[in-house]
Amino acid sequence: MRIATWNVNSVNARLPKLLDWLSAAEPDVLCLQELKVDADAFPAEQVAELGYEVAAHGNGRWNGVAVLSRVGLDDVRRGLADEPGFQAEGAMFEAAEPRAIGATCGGVRVWSVYVPNGRDVDHPHYEYKLRWLSALRETAAEELKTAGPFAVLGDFNIAPTDADVWDIGQFDGATHVTERERAALTELVGTGLAEVAPRPLKYEVAFTYWDYRALRFPKNQGMRIDLVYGDPQLTAAVSDAYVDRDARKGKGTSDHAPVVVDLDL
DNA sequence: ATGCCCGTCCGTGACGGA
């Protein structure tokens, strides 16, 4: 079985690239993030022609996650238990955001997640990011009580180590590399998960994101922030894992590349 | 060549992304 995760930065803007990639890579399960579309406006017919069912969780302009599967799609769960929302400046209330969706596909339980960015360590969005990661840990811990295999895949907006950004000197005081964010990843792992380490197809580190600006991709000035965590049953079945950086080449691409995991399942 | 930001919205700039 092949499972994968990809932040597509608008599923409609990326639809031709998405369909091409599905046809070429033939994942059995694909977790998507940053749909930027209402769930009922997801281009389900187009992916259905390639044999995929879809469960989407989205509400318009921002965020949005989905699971695509050609090996069954059951027990869909939209949102985390006690998931926090974000209270924008001047807003009266917290607003829930579509950032997590879980589904069982071909016997594998997957969660597609889009962790809040954090924006700046002094911004309320950073505390929201940490609260959101706590909720993710709680939901993972709850679901791990039942039998695996189990995986959480997505855009974590955290570089696990200093080596996971092109130049740590450029990230002084920035989000994505702070102790508290990394501690949240360690706590997630503490529920009984391990990271599936992807191999780079080129260069030393398997970056998954390169900013559109400043020739970041040709210069390989990237970040490894799209991550896959699995329970022991899943990680024991991993036969290969890599970042498909070719998907970042050329015009009309997402700024993220897919992470692909092959399983003997 | 992998090449100098992109996507969205009652939208013609502002915001978010990281």
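Residues numbered from 1 in each chain as written. Chains lettered and ligands numbered in written order. Predicted model: local features only at pLDDT ≥ 70, side-chain atom pairs only at ≥ 80, totals over all residues. Heavy atoms only, no water.

As recorded by an unreviewed UniProt entry, chain A carries the name Exodeoxyribonuclease III and is attributed to Saccharopolyspora montiporae. The heading Sequence similarities (unreviewed entry) in the UniProt record of chain A holds the text "Belongs to the DNA repair enzymes AP/ExoA family." (UniProt positions renumbered as here; feature names shortened; annotations may be inferred.)

Q: Hey, could you go over the protein's contact with DNA strand B for me, with residue numbers and the actual values?
A: DNA strand B sits among 30 residues. The nearest are Ser 10, Arg 61, Asn 117, His 176 and Lys 202. Taking the atoms of DNA strand B that fall within 4 Å of the protein, sugar and phosphate contribute 62% of them. Between a phosphate oxygen of DNA strand B and a side-chain N or O atom of Arg 14, the distance comes to 3.4 Å. Between DNA strand B and Asn 117, the relevant distance is 3.4 Å, taken from a base nitrogen to a side-chain nitrogen or oxygen of the residue. Classifying every residue of the surface near DNA strand B by side-chain character gives 11 nonpolar, eight polar and 11 charged. (Near = heavy atom within 4 Å. Polar contact = N/O pair within 3.5 Å; in protein donor to acceptor, adjacent residues only side chain to side chain. Nonpolar A, V, L, I, M, F, W, Y, C, P; charged D, E, K, R; others polar.)

Q: Which residues make up the packing of aromatic side chains, and what values do they have?
A: The way to describe two aromatic rings as a pair is by their centre distance and the angle between their planes. Per the counting criterion, the structure on display carries five aromatic pairs. With centroids separated by 5.5 Å and ring planes inclined at 55°, the aromatic side chains of Trp 6 and Trp 21 adopt a geometry described as tilted. One end of the pair, Trp 6, is in strand S1 (residues 2-7); the other, Trp 21, is in helix H1 (residues 15-25), and 15 residues separate them in sequence. No difference in accessibility class separates Trp 6 from Trp 21, as the two residues are buried. Arranged with centres 5.2 Å apart and planes meeting at 35°, the rings of Phe 86 and Tyr 128 form a pair that is tilted. Taken together, the residues span a long stretch of sequence, with Phe 86 in the loop between strand S5 (74-78) and strand S6 (100-105) and Tyr 128 in helix H3 (residues 124-143) at a distance of 42 residues. For the pair Phe 86 and Tyr 128, a shared accessibility class is recorded, and that class is buried. (Phe/Tyr/Trp six-rings, centres within 6.5 Å; stacked < 30°, edge-to-face > 60°. Helix = DSSP H or I, 4+ residues; strand = E, 2+ residues; numbered from the N terminus. Buried < 20%, exposed > 50% of the residue type's maximum accessible area, 1.4 Å probe, protein only.)

Q: Summarise H1; cite the residues concerned and give the values.
A: Because an α-helix completes one turn every 3.6 residues, residues spaced three or four positions apart along the sequence face the same direction. Of all the residues in H1, the buried ones are Leu 15, Leu 18, Leu 19, Trp 21, Leu 22 and Ala 25. End-on view of H1: buried residues confined to an arc of 165°, all on one side of the axis. Turned more than 90 degrees off the buried face of H1, the exposed positions are Pro 16, Asp 20 and Ala 24. Positive backbone phi, approximately 50°, marks Glu 26, located one or two places after H1. (Arc of directions from axis to C-beta.)

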